[in-house]
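# Chain and residue survey
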Amino acid sequence: MTGEYFKMALLCALGVLLVIACVTDWRSRIISNRLNLAIAALAPLWWVANGLPVWPGMLLQVALGLAVFALFAALFAMGCMGGGDVKLLGALALWFPWEAVLAMLMMMAMAGGVVTIVTVVHHRMTRRLGQPQIPYGIAISFAALWLIGERYLNHFA
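The following paragraphs examine the structure supplied in this document. (Residues numbered from 1 in each chain as written. Predicted model: local features only at pLDDT ≥ 70, side-chain atom pairs only at ≥ 80, totals over all residues. Heavy atoms only, no water.)

Moving on to the state of the cysteines. Considering all chains together, one arrives at 0 disulfides under this definition. With no disulfide of its own, C22 lies 17 Å from the sulfur of C12, the closest cysteine sulfur. We classify C22 as partly exposed; its relative accessible area is 22%. (Disulfide = S-S within 2.5 Å. Buried < 20%, exposed > 50% of the residue type's maximum accessible area, 1.4 Å probe, protein only.)

Below you can see the structure in the form of C-alpha cells.
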C-alpha cells in the first residue's frame, strides 16, 4: 500500500508544480529553471515507484525526454517557443510513455490554440504595442494535468 501512496504523492507533487508553472507563465511569461529541474528530478522517483527496469525502461524514458527536448529546441531556435516551455516539455516527457507524450502534445496543441487566440484578442483589445507573448506554459500544464487525470486518476472512478 505504501507504494501506491508514494506514487499518488509524486503525482500530486507534479500537479502542484504544473499549477505553479501555469501561474508563473501567465503572470510573468517565465517558467523558472528550478521548477523544470524539480519536475525532471522527480521523474526517476516515479520510475522506481512504478518498477520501471533500468534497461530498457529508464533508458528509453531518458531518450524520449531528450528527443522531445531536441524537437522543441528546434522550434525555440526558430523563435516559435520560449526556452522555459521547451525545458518543461522535456522534463514532462521523462514522466510518461511515448504514447502518452503524443496524447499530451495533441492536447497541448489544441489548448495552445485557445491560449493563443485569447492572448491575441486581449492584446488587441487593450491596444498594446508589439507582438503578444503567448504564455504557452498554460497549455503545456493543462495538457499534462489532463494526462495525469485521464491516465492515472481515472481508474478510481
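What follows continues from the structure just given.
Here we come to the side chain of H123. The residue H123 is located in helix 5 (residues 98-125) in this model. What makes H123 buried here is its relative accessible area of 11%. A polar atom in the side chain of H123 sits 2.7 Å from the backbone oxygen of G130. For H123, the contacting residues outside a window of four places in its chain are R128, L129, G130, Q131 and P132. (Helix = DSSP H or I, 4+ residues; strand = E, 2+ residues; numbered from the N terminus. Polar contact = N/O pair within 3.5 Å; in protein donor to acceptor, adjacent residues only side chain to side chain. Contact = heavy atoms within 4.5 Å.)

I39, L89, L92, W95, F96 and M108 are the most contacted members of the largest nonpolar core, which totals 43 residues. Among the secondary structure elements, those contributing two or more residues to this core are helix 1 (2-28), helix 2 (33-49), helix 3 (54-77), helix 4 (83-93), helix 5 and helix 6 (136-153). (Core = buried A, V, L, I, M, F, W, Y, C linked by side-chain atoms within 4.5 Å.)

By themselves these figures say nothing about function.
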